[in-house]
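Geometric and topological summary
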There are 2 protein chains.
Amino acid sequence: MSEVAQNERRILVAIDEGEESMYALSWCLKNLVFENSKDTLILLYVKRPRPIFSSIDGPDFVINADAMAKIDKSSQIVAERVLEAAKRLCNNIQNVEMKIEYGDPRDVICEMIQKLGADILVMGSHGYGVIKRALLGSVSNHCAQNAKCPVLIVKKPK
Amino acid sequence: MSEVAQNERRILVAIDEGEESMYALSWCLKNLVFENSKDTLILLYVKRPRPIFSSIDGPDFVINADAMAKIDKSSQIVAERVLEAAKRLCNNIQNVEMKIEYGDPRDVICEMIQKLGADILVMGSHGYGVIKRALLGSVSNHCAQNAKCPVLIVKKPK
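Residues numbered from 1 in each chain as written. Chains lettered and ligands numbered in written order. Predicted model: local features only at pLDDT ≥ 70, side-chain atom pairs only at ≥ 80, totals over all residues. Heavy atoms only, no water.

- Chain A is annotated in an unreviewed UniProt entry as UspA domain-containing protein of Lupinus luteus.

So this is what it looks like as structure tokens:
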């Protein structure tokens, strides 16, 4: 391994609820991250926008501000739990940061690469669900094409 | 770095004539490969099928077997030169293998992952030319979706 590689690198790992992103993180820890280096691992969870219910509001089906707040709180709790679980995998790494962002994961991940100065993006190959992927296209494909840094896509073996 | 990572890994790097694949190799050498490990680097060049000229054969434009043989020989020489240039970048790596295969790069690369037992595929994000990519789709996208191992896609910074 060259000296350059032992310098501080900022490794951005996209984390979601899926097993594949946790597998991607594990693979990265075993194959890319140096335990005693100055590498920083940034765990990024992107909360997707909640569905808009206003068009189906009515006497029998009202989602009011209170219910909206509950949905938001619940998605925040999910995000925090997922990131905590991911962080536990990184117990040998000194520099671990956790980020929760909001929006379309494809755009947010690519934006955060530049904002956080990431040297590499690590992600699972699926992520974000079969139906959503069919509708929106693969998050990993989008990032592989648009990210301004190398992208490591890890598929969980069947 | 964990003990697992220090075991022998088989790192397949897809090489073509483009600068981006050489950059991908350099990035991989700096960030992924251990100089004193048992990692094996496999440099793969895929020769694309030559165009079929038979339909335009005629008195004024004949490509005979002799001309075909010359084209094949020339593409073999290009392949060997490109791989030799790539190998020179790996001067600190003990185990370097070179492979020249023939066919559609998208299929051949995915097949070779399994045939060679690769633990990771490294490739440039473009490769194989703008027009060909527009016609056939991106090689790296195809591999990211179909490869049976993690895929590292490296884009050369502008």
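**Things to note about the overall build of chain A**
- The number of helices and strands found in chain A is 6 helices and 5 strands.
- Along chain A, from the amino end to the carboxyl end, the secondary structure elements read α-β-α-β-α-β-α-β-α-α-β.
- Here chain A holds 158 residues, and 47% of them are scored as buried.
- If you take every contact in chain A between residues at least 6 apart in sequence, the share linking residues at least 24 apart comes to 77%.
- When the accessible surface of chain A is split by element, carbon and sulfur atoms take 51% of a total near 8,400 Å². (Helix = DSSP H or I, 4+ residues; strand = E, 2+ residues; numbered from the N terminus. Buried < 20%, exposed > 50% of the residue type's maximum accessible area, 1.4 Å probe, protein only. Contact = heavy atoms within 4.5 Å. Areas by Shrake-Rupley, 256 points an atom, 1.4 Å probe, with all protein chains shown as cover.)

**Details of the packing of helix α2 (residues 19-31) of chain A against helix α3 (residues 65-89) of chain A**
Residues and elements named next belong to chain A.
- Across the interface, α2 lies against α3 with an axial gap of 10 Å and an inter-helix angle of 25°. The angle between α2 and α3 falls in the class roughly parallel. Between α2 and α3 the crossing geometry is right-handed. Within the contact between the two elements, α2 uses Met22, Leu25, Ser26 and Leu29 and α3 uses Val82, Ala85, Ala86 and Leu89. (Axes fitted to C-alpha atoms, helices over the stretch in contact; angles between N-to-C directions. Parallel < 35°, antiparallel > 145°, perpendicular 65-115°, else oblique. Left-handed = near helix turned anticlockwise from the far one by under 90°.)

**Considering the pairing of strand β1 (residues 10-15) of chain B**
All names here are of chain B.
- In terms of burial, β1 is largely enclosed, as 5 of its 6 residues are buried.
- Of the pairings in the sheet, the one linking β1 to strand β2 (residues 40-47) comprises 6 bridges and is parallel in character. Bridge pairing in β2 links Ile11 to Leu41. (Pairing = 2+ DSSP bridges.)

**Considerations on the pairing of strand β1 (residues 10-15) of chain A**
- Bridge count between β1 of chain A and strand β4 (residues 120-124) of chain A: 3 bridges; the pairing is parallel. Bridging from a neighbouring strand, Leu12 of chain A pairs with Leu121 of chain A of β4 of chain A.

**A closer look at the layout of surface pockets**
- Taken as a whole, the largest pocket spans an internal volume of roughly 250 Å³.
- As for the largest pocket, its lining consists of 13 residues, of which Lys155, Lys156 and Pro157 of chain A together with Lys148 and Cys149 of chain B are closest to the centre. (1 Å grid on protein atoms, 1.4 Å probe; cavity = no way out; pocket = protein on both sides within 12 Å on 5 of 7 lines; lining within 4 Å. Points joined across faces, edges and corners; volume = space filled by probe spheres on them.)

**Focus on the sheet that holds β2 of chain B**
- Here 10 strands make up an open sheet; going across it, the order is β3(A)-β2(A)-β1(A)-β4(A)-β5(A)-β5(B)-β4(B)-β1(B)-β2(B)-β3(B) and the pairing mixed. The open sheet is flanked by β3 (95-102) of chain A together with β3 (95-102) of chain B, the only strands paired with a single partner. Each strand of the sheet is rotated relative to its neighbour by a mean of 20°, with strand direction disregarded.
- In the packing of helix α6 (residues 139-146) of chain A onto the sheet, the strands contacted are β4 and β5 (151-154) of chain A together with β5 (151-154) of chain B, and the crossing angle to β4 of chain A comes to about 165°.

**Structural notes on the packing of helix α4 (residues 105-116) of chain B against helix α6 (residues 139-146) of chain B**
Residues and elements named next belong to chain B.
- Relative to each other, α4 and α6 sit at 35°, their axes nearing to 9 Å. Between α4 and α6 the crossing geometry is right-handed. The segment α4 lies against α6, with Pro105, Arg106, Asp107, Ile109 and Cys110 engaging Val139, His142, Cys143 and Asn146.

**Here's the deal with helix α2 (residues 19-31) of chain B**
- For α2 of chain B, built from 13 residues, the straight-helix expectation of 18 Å at 1.5 Å per residue is met to within 8% by its first-to-last C-alpha distance of 18 Å.
- Three or more residues of α2 of chain B are buried, namely Glu20, Ser21, Met22, Ala24, Leu25, Trp27, Cys28, Leu29 and Asn31 of chain B. (Expected span 1.5 Å × (residues − 1).)

**Quick notes on the pattern of salt bridges**
Residues and elements named next belong to chain A.
- Tallying each qualifying case throughout the model produces 12 salt bridges over all chains.
- Its salt-bridge partner being Arg9, residue Asp39 comes within 2.9 Å of it at the nearest N-O pair. Within this pair, whereas Asp39 is found in the loop between α2 and β2 (40-47), its partner Arg9 is found in the loop between α1 (3-6) and β1, the two being separated by 30 residues in sequence.
- Overall, Asp39 belongs to the buried group, its relative accessible area being 2%.
- Arg9 sits in the buried class, given a relative accessible area of 6%. (Salt bridge = Lys/Arg side-chain N within 4 Å of Asp/Glu carboxyl O.)

**What about α3 of chain A?**
All names here are of chain A.
- Here α3 spans 37 Å end to end across 25 residues, near enough to the 36 Å set by a 1.5 Å rise per residue.
- Those residues of α3 that fall on the buried side of the exposure criterion are Met68, Ala79, Val82, Leu83 and Ala86.
- In this structure, the buried side of α3 is in contact with β1, α2, β2 and β3.

**Some details on the state of the cysteines**
- A complete count under the given rule lists 0 disulfides over all chains for this structure.
- Between Cys110 of chain B, a cysteine without a disulfide, and Cys143 of chain B, which holds the nearest cysteine sulfur, the sulfur-to-sulfur distance is 4.1 Å. (Disulfide = S-S within 2.5 Å.)

**Some thoughts on the environment of Pro105 of chain B**
- Residue position: Pro105 of chain B is located in helix α4.
- With 34 residues separating them in the primary sequence, Pro105 of chain B and Val139 of chain B have C-alpha atoms 7.0 Å apart.

**A short note on the nonpolar core**
- The biggest cluster of nonpolar side chains holds 50 residues, and the ones touching the most others in it are Leu41 and Leu43 of chain A together with Leu41, Leu43 and Val122 of chain B.
- Counting 42 residues, the second largest nonpolar core, distinct from the first, contains Val46, Cys149 and Ile153 of chain A together with Val139 of chain B. (Core = buried A, V, L, I, M, F, W, Y, C linked by side-chain atoms within 4.5 Å.)

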